[in-house]
Amino acid sequence: MDIGFIGLGAMGKAMVANLLDQGHAVTVWNRSGSPVAELVALGAKAAANVEDALAGDVVLSMLAHDQAVRDVLLAGGALANARPGLVHVNLATVSTALARELAAHHAELGLGYVAAPVFGRPPVARAGGLNIVVAGAPDAVATATPVLEALAGKLWPMGEDPVRANAVKLAGNLMIVSAVEAMGEAAALGQAHGVPAGDLLEMLTGTLFAAPVYKIYGAMIMERTYSPAGFTAELALKDVRLAKDAAAEKGLALPLADLAERGLQRVLSEGEGDLDLAYLAEVAAWRGPNPAKSD
């Protein structure tokens, strides 16, 4: 299958390298050139422009946020000039509003659209072990499935409406951020009473909270290893805000999302937005008045 891939951040690069390992022909495009050169050295073909990446059977995109999707695929008319019948698989975490808009736009253009946001960090992507949430029209999903199976440890079908896949992804990321916030507060409480963070988190993540998110982020917090980032605090803040927007569409309030947003805003105010989400644990608790109440 002839695959295009747009967006070569840490996750995109890892996924393309995995596809190349499995013998797929992949044409890659990125707004900056160095990731393209790295993947060409591994056997990828460089697209001369974004339209070149849309000339195959399936194109996968892993762009950082809604605006990047609009800039790359919509603003310049790239999708409007895509090969008829192309299936676009959007792997990124985008808003439910944009997911709805993209589904309608692709249908108008006669293109397939599959929302397939991923759970997993770059090493998991490199090994083909991602959990991928999939939603879209059955024929488009069927076309995309062989490629997605090459990237995934497991595919999680969520029906035909792409919005559903993005809602699941935003809900999952909110739970991840909330877990890091909780570990940071718990570690601070233990340390205030003489218990080292490592002792507390090792005990809790080895017993009551022996789940991957707690173990992975707990280890990072214990070791204070926040760089290189697998999932930056800046992107986490973006996703928490998208979760709040998705909730607002349905008249819901998300108190945990409000708390997480405040903590992540503190991280960015310190100039540490490019560090891993795990750094949130460093600012999750504070002494004296709650700074969030001084706004």
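Residues numbered from 1 in each chain as written. Predicted model: local features only at pLDDT ≥ 70, side-chain atom pairs only at ≥ 80, totals over all residues. Heavy atoms only, no water.

Remarks on the side chain of aspartate 276
Move 1: Checked against the element boundaries, aspartate 276 lands in the loop between helix H12 (255–269) and helix H13 (280–283).
Move 2: We classify aspartate 276 as buried; its relative accessible area is 0%.
Move 3: A polar side-chain atom of aspartate 276 sits 2.8 Å from the main-chain amide nitrogen of glycine 230.
Move 4: Setting aside residues no more than four positions away along its own chain, aspartate 276 makes contact with Arg121, Tyr217, Met220, Tyr226, Ala229, Gly230, Phe231, Thr232 and Ala233. (Helix = DSSP H or I, 4+ residues; strand = E, 2+ residues; numbered from the N terminus. Buried < 20%, exposed > 50% of the residue type's maximum accessible area, 1.4 Å probe, protein only. Polar contact = N/O pair within 3.5 Å; in protein donor to acceptor, adjacent residues only side chain to side chain. Contact = heavy atoms within 4.5 Å.)

Regarding the side chain of aspartate 66
Move 1: With respect to the helices and strands, the residue aspartate 66 is situated in helix H4 (residues 66–75).
Move 2: Every residue in contact with aspartate 66, bar those within four places of it in the chain, is listed here: Val94, Ser95, Leu98 and Leu242.

Here's the deal with the packing of aromatic side chains
Move 1: Counted according to the given criterion, the structure contains two aromatic pairs.
Move 2: Summarising the aromatic geometry, the rings of phenylalanine 209 and tyrosine 214 are spaced 4.9 Å apart at their centres and angled 50° between planes, so their arrangement reads as tilted.
Move 3: Lysine 154 extends its terminal NZ or CZ atom over the ring of tryptophan 156, reaching a point 4.7 Å from the ring centre.
Move 4: Across from the ring centre of phenylalanine 119, 4.3 Å away, lies the NZ or CZ of lysine 169, which sits over that ring. (Phe/Tyr/Trp six-rings, centres within 6.5 Å; stacked < 30°, edge-to-face > 60°. Lys NZ or Arg CZ within 6 Å of the ring centre and 35° of its normal.)

As for the packing of helix H9 (residues 197–205) against helix H10 (residues 212–223)
Move 1: The N-to-C vectors of H9 and H10 enclose an angle of 170°; their axes lie 9 Å apart at closest approach. Between H9 and H10, the interaxial angle falls into the category roughly antiparallel. Where H9 approaches H10, its residues Ala197, Gly198, Leu201, Glu202 and Thr205 are matched on the opposing element by Tyr214, Lys215, Gly218, Ile221 and Met222.
Move 2: Here the contact of H9 with H10 is built from residues that sort into five nonpolar, three polar and two charged. (Axes fitted to C-alpha atoms, helices over the stretch in contact; angles between N-to-C directions. Parallel < 35°, antiparallel > 145°, perpendicular 65-115°, else oblique. Nonpolar A, V, L, I, M, F, W, Y, C, P; charged D, E, K, R; others polar.)

Some words on the environment of aspartate 161
Move 1: The topology assignment puts aspartate 161 in the loop between strand E9 (152–157) and helix H8 (162–192).
Move 2: Separated by 46 residues in sequence, aspartate 161 and alanine 115 place their C-alpha atoms 8.6 Å apart.

Here we look at the packing of H8 against helix H11 (residues 233–249)
To describe two helices that pack against each other, one gives the angle between their axes and the distance between the axes.
Move 1: One can describe the packing of H8 onto H11 by two numbers: an axis separation of 9 Å at closest approach and a directional angle of 125°. The angle between H8 and H11 falls in the class oblique. Crossing geometry of H8 relative to H11 is assigned as left-handed. Counted together, Leu170, Asn173 and Val177 of H8 and Ala236, Asp239, Val240, Leu242, Ala243 and Ala246 of H11 form the full contact between these two elements.
Move 2: Counted by class, the contact of H8 with H11 contains seven nonpolar, one polar and one charged residues. (Left-handed = near helix turned anticlockwise from the far one by under 90°.)

Considering unusual backbone geometry
Move 1: Going from serine 227 to proline 228, the amide bond is cis rather than trans, its omega being 0°.
Move 2: Residue position: proline 228 is located in the loop between H10 and H11.
Move 3: Although it is not a glycine, arginine 224 sits at a positive phi angle of roughly 55°.
Move 4: Its place among the elements puts arginine 224 in the loop between H10 and H11.

Section: the pattern of salt bridges
Move 1: With the rule as written, the count across this model stands at 11 salt bridges.
Move 2: The residue aspartate 21 makes a salt bridge to arginine 126 at a minimum N-O spacing of 2.6 Å. In this pair, aspartate 21 sits in helix H1 (residues 10–21) while arginine 126 sits in helix H6 (residues 122–126), placing the two residues 105 residues apart along the sequence.
Move 3: Aspartate 21 sits in the exposed class, given a relative accessible area of 53%.
Move 4: Exposure remark for arginine 126: the relative accessible area of 34% places this residue in the partly exposed category.
Move 5: Put simply, Arg241, Lys244, Asp258 and Glu261 are held in one network by salt bridges that share partners. (Salt bridge = Lys/Arg side-chain N within 4 Å of Asp/Glu carboxyl O.)

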